[in-house]
Amino acid sequence: MRSLYLLGATGSIGRQVLDVADATPGAFRIAVLTADTDIETMTVLIQKYQPEFAAMNDAAAAETLAMRFPDLEIGSGKAGLVRAAAWNPGDKTGLLVNAIVGVAGLEPTIAALGVKRTVALANKETLVVGGAIVMELARRNGVAILPVDSEHSAIWQCLNGEDLASVERLIITASGGAFRDKTRAELAGVTPAEALCHPNWNMGRKITIDSATMMNKGFEVIEAMHLFGLPLDRIDCVLHRESYVHSLVEFIDGSLIAQISSHDMRLPISYALHHPTRTPNPTARLDLAHIGELSFAPIDFDRYPCLRYAYEAAARGGNAPAALNAANEVAVALFLAGTIPFLTIEAIVHQALAEVAFIERPTLAELLETDAAVRTAVTGRYPRPNLI
Ligand code: NAD
Ligand code: MG
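In this text the structure is predicted, and so the values were computed from the model without any measurement. (Residues numbered from 1 in each chain as written. Chains lettered and ligands numbered in written order. Predicted model: local features only at pLDDT ≥ 70, side-chain atom pairs only at ≥ 80, totals over all residues. Heavy atoms only, no water.)

A. Region of interest: the packing of helix α6 (residues 125-141) against helix α15 (residues 320-336). Relative to each other, α6 and α15 sit at 155°, their axes nearing to 8 Å. Between α6 and α15, the angle falls in the class roughly antiparallel. α6 and α15 meet at a crossing whose hand is left-handed. Contacts between α6 and α15 involve E125, V128 and V129 on the former and, on the latter, P321, A322, N325 and E329. Taken together, the residues that form the contact of α6 with α15 break down as four nonpolar, one polar and two charged. (Axes fitted to C-alpha atoms, helices over the stretch in contact; angles between N-to-C directions. Helix = DSSP H or I, 4+ residues; strand = E, 2+ residues; numbered from the N terminus. Parallel < 35°, antiparallel > 145°, perpendicular 65-115°, else oblique. Left-handed = near helix turned anticlockwise from the far one by under 90°. Contact = heavy atoms within 4.5 Å. Nonpolar A, V, L, I, M, F, W, Y, C, P; charged D, E, K, R; others polar.)

See below:
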């Protein structure tokens, strides 16, 4: 039985990870569960899965949980998350599943790689902010990072048995998000409730807003660059409204290989959890004859400046993607709180990239300093409590 160390257990991905694990009784045990503040969901999950250790990012939530489960060890804050990721350091077959949202996932990923634990990564911000450091640590420790993001899982599946040297380019598909049919003028007045209505996927709040701005696609380009070790100019995006083709690989002989399936994260989660074997799972089957048509179109970078900023930050490298991510995290929180209009998200990101004190080869500490400095600068301009 394989141990899962599940971070972000109460979220959209975290709950689907548990669904996938439940679908093969006896295959997995849930050794560790963590969340941010949601003690009610954690209470239910702890009762059901009886983990060895749990952690809450929020200290008060950790205290409440500790009172409910006096016999369970419960950590809190960043230290608790890092402990959870590296729990049972001698367990060489366990899998860290990182489903935390935001840069908060970076240090736990590093902690798991530090004990040579394989990582199934949904937390794309880990690679956006710390891709160079994280991939280097994984290489040094001989540990695999398995993608959970659907586009990267698709590319991973397309590359199965192929030589990376025969890859011409990666083509990441994009649905266009909630506002793909709106003009730039119309975008000025959109509300958080409208932005949270994704046409194809039901996901956490932050990634749904990132899909509407297409920052999510920019993050995925950076994620792919690190995961597959290809230069930025060989990673393209294409608009694909139906979100059935999850991504494609073009080979040097002109062949395109695509991975196609329904909109259900349980498939890429299952592929990562059971790798290298495929396992039946509850994902809905796709009937292409019923769907009839799949459409593709070029992406208009003027309409989606966040995608362009992500490419620019990736090309600069160093701590630029850390600044991009921090500005975006705060801007999305401000938009969701009703403090700024939708189009101010891209303006905040643009300004952060213009102002960043550039470091070419940042250490982890310097990346975290960049993150903190950008958060302070943005919240200083758009003051609201509890956003740092
Ligand atoms: P979510 O908001 O639904 O869940 C986030 C989880 O992380 C929750 O368990 C929450 O308690 C925890 N969390 C939040 N802030 C935290 C913090 N500061 N410290 C520790 N834990 C914290 O988010 P989600 O949609 O499940 O996304 C999780 C990650 O997976 C994101 O990086 C997202 O981009 C990526 N992802 C999600 C989907 C999807 O379909 N939801 C698809 C691809 C990739
Ligand atoms: Mg994705």
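B. Main features of the sheet that holds strand β11 (residues 256-260). Spatially, β9-β8-β10-β11 is the arrangement adopted by the four strands of the open sheet, whose pairing is mixed. The sheet terminates laterally at β9 (235-239) and β11, the two strands that pair on one side only. The average angle at which neighbouring strand axes cross in this sheet is 25°, direction not considered. Taken together, the five bridges between strand β8 (residues 167-174) and β9 define a ladder with parallel strand orientation. Note on β9: the bridge partner recorded for L170 is I235. Across the face of the sheet, helix α7 (residues 150-158) comes into contact with β8, β10 (245-251) and β11 while running at roughly 40° to β10. This element, helix α11 (residues 215-228), spans β8 and β9 of the sheet and lies at about 150° to β8. (Pairing = 2+ DSSP bridges.)

C. Main features of empty space enclosed by the protein. A complete count under the given rule lists two cavities of 30 Å³ or more for this structure. As a volume, the largest cavity reaches approximately 90 Å³. Lining the largest cavity are 13 residues; nearest its centre among them are A212, T213, R303, F342 and E346. For the lining of the largest cavity, the secondary-structure elements that each account for two or more residues are α8 (184-187), α10 (205-213), α14 (305-316) and α16 (342-355). Looking at the lining of the largest cavity element by element, the count peaks at four residues for α16. Of the residues that constitute the lining of the largest cavity, the class distribution is nine nonpolar, one polar and three charged. Within this model, the second largest cavity holds a volume of roughly 40 Å³. If you trace the second largest cavity, you find it lined by S150, S153, Q157, W201, H246, Q259, S261, S262, D264, L267 and P268. (1 Å grid on protein atoms, 1.4 Å probe; cavity = no way out; pocket = protein on both sides within 12 Å on 5 of 7 lines; lining within 4 Å. Points joined across faces, edges and corners; volume = space filled by probe spheres on them.)

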